[in-house]
Amino acid sequence: MRTTYFIAILILANLFLACSPAPSSEPQEVPQEINKGKELVLKMMDKVGSYDKLSALEDVSYTYIYRSPDGRERVSLEKYLFDGELSWAAYSTRELGPYPDQEGEVVQGFDGTTAWTTLNGELMDGEEDLQRARFSRKTNFYWFAMMQKLADPGLTYEYKGTQEVNGISYEKVEVGFGDGVGDAQDIYLLYINPETGLVDQFLFTVKAFGRTDPLLMRVEYEEVDGILLTVYRKYTPSNWEAEIDEDEAKWTEEISEEVSFTNGLSKGDFALSAED
């Protein structure tokens, strides 16, 4: 369950020079800013839908299933408000936490400023409780909207060439975070399918938990209200060449079901007082 937030808007500028009274016979050099990594990411975003297009749907509700390689699950009803990236969840299955050894209802929220957790209506306000709530609320939101957020301000892009995987010559783009951008400056290495223009898989770090060795995430898409969402994701440890033993890999799965946009949610639905 990984984390982080990223990415900057690319502006490709073609500057056309006006003709002078005495035009030169020499060809005019047209200055351009070209970053192939950004270009590929923005073309991908044309396919999945921009964050502005996602935000126009106002909010989302869906069921989120997180399943470990041994079959244990964490299941939550997730609700997000795109304006401010507010996040809320009520957990129905907690084999993987939060608080797996305690009975009762767990609700988490992020109101745009503060993250919180309640257990049976009681505020869990220890430092570790607050940190876990913030990580879960921001991470779950990010994974849901990741492909749309790849044009967020403060991200860096570097084209890393091509690599053949399962007969497909993928174009690779490394995405990073500028200083002070996001809660952790993780690295994402996108594998963009040249035929579809979509990200089929990517490598990522989880520096918030001290992990700098990469994990390999593979994704499958579903279109909902004109937005392509990675409704099925699975990840496993890897190296930086995305090399894994397919027979021995231990996959963690993340599944989004019953996605519903524009449910009439408001900022008050994400405040701790909403649980009173």
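Description of the structure in this document. (Residues numbered from 1 in each chain as written. Predicted model: local features only at pLDDT ≥ 70, side-chain atom pairs only at ≥ 80, totals over all residues. Heavy atoms only, no water.)

1. Things to note about the overall build of the protein
Alright, step 1. From N to C terminus, the protein includes three helices and 13 strands.
Alright, step 2. The burial tally for the protein puts 50% of its 276 residues in the buried class.
Alright, step 3. The contacts in the protein between residues at least 6 apart in sequence include a share of 53% that link residues at least 24 apart.
Alright, step 4. Of the roughly 14000 Å² that the protein leaves accessible, carbon and sulfur atoms contribute 47%. (Helix = DSSP H or I, 4+ residues; strand = E, 2+ residues; numbered from the N terminus. Buried < 20%, exposed > 50% of the residue type's maximum accessible area, 1.4 Å probe, protein only. Contact = heavy atoms within 4.5 Å. Areas by Shrake-Rupley, 256 points an atom, 1.4 Å probe, with all protein chains shown as cover.)

2. Points about unusual backbone geometry
Alright, step 1. The residue after Gly-97, namely Pro-98, is reached through a cis peptide bond having omega 5 degrees.
Alright, step 2. Within the secondary structure, Pro-98 sits in the loop between β3 (86–94) and β4 (106–110).
Alright, step 3. Located in the positive-phi region is Asn-166, a residue other than glycine, with phi close to 50 degrees.
Alright, step 4. When you line up the elements, Asn-166 lands in the loop between β7 (155–165) and β8 (168–177).
Alright, step 5. Overall, the relative accessible area of 67% leaves Asn-166 in the exposed class.
Alright, step 6. Its identity is not glycine, yet Thr-262 carries a phi of approximately 55 degrees, on the positive side.
Alright, step 7. Its location among the elements puts Thr-262 in the segment after β13 (252–261).

3. Some points on the pattern of salt bridges
Alright, step 1. Taken as a whole, this structure holds 13 salt bridges when the rule is applied.
Alright, step 2. Between Arg-137 and Glu-78 there is a salt bridge, with the nearest N and O atoms lying 2.8 Å from each other. With Arg-137 in helix α3 (residues 127–145) and Glu-78 in strand β2 (residues 73–81), this pair connects stretches of sequence that are 59 residues apart. Across this residue pair, the class does not change: Arg-137 and Glu-78 are buried.
Alright, step 3. Note that Lys-160 is salt-bridged to Glu-158, the shortest N-O span being 3.4 Å.
Alright, step 4. The exposure class assigned to Lys-160 is partly exposed, which follows from its relative accessible area of 36%.
Alright, step 5. A relative accessible area of 40% places Glu-158 in the partly exposed class.
Alright, step 6. Among the ionic contacts, a cluster of salt bridges with common partners joins Arg-67, Glu-73 and Glu-253. (Salt bridge = Lys/Arg side-chain N within 4 Å of Asp/Glu carboxyl O.)

4. Overview of the nonpolar core
Alright, step 1. Residues Phe-144, Tyr-188, Leu-190, Phe-202 and Phe-261 are the most contacted members of the largest nonpolar core, which totals 47 residues.
Alright, step 2. Not counting residues within four places of it along the chain, the set of residues in contact with Leu-190 comprises Val-41, Met-146, Leu-150, Glu-171, Lys-172, Val-173, Val-175, Val-199, Gln-201 and Phe-202. (Core = buried A, V, L, I, M, F, W, Y, C linked by side-chain atoms within 4.5 Å.)

5. Focus on helix α1 (residues 36–48)
Alright, step 1. Between its first and last C-alpha, α1 extends 19 Å over 13 residues, near the 18 Å set by a 1.5 Å rise per residue.
Alright, step 2. Residues of α1 that are buried: Gly-37, Lys-38, Leu-40, Val-41, Met-44, Met-45 and Val-48. Buried residues of α1, seen end-on, are gathered within an arc of 160 degrees and therefore sit on one face of the element.
Alright, step 3. On its buried side, α1 packs onto β7, β8, β9 (187–192), β10 (199–206), β11 (211–224) and β12 (227–237).
Alright, step 4. Its side-chain oxygen at 2.9 Å from the backbone nitrogen of Gly-37, Asn-35 defines the N-terminal cap of α1.
Alright, step 5. With its phi angle positive at about 105 degrees, Gly-49 sits one or two positions after the end of α1. (Expected span 1.5 Å × (residues − 1). Arc of directions from axis to C-beta. Polar contact = N/O pair within 3.5 Å; in protein donor to acceptor, adjacent residues only side chain to side chain.)

6. Quick word on the pairing of strand β1 (residues 59–67)
Alright, step 1. Summarising burial for β1: eight of the nine residues are buried, a large majority.
Alright, step 2. Connecting the antiparallel pair β1 and β2 is a turn made up of five residues, with Gly-71 showing a positive phi of about 95 degrees.
Alright, step 3. The pairing of β1 with β13 spans seven bridges and is antiparallel. Counted as the bridge partner of Ser-61 is Ser-260 from β13. (Pairing = 2+ DSSP bridges.)

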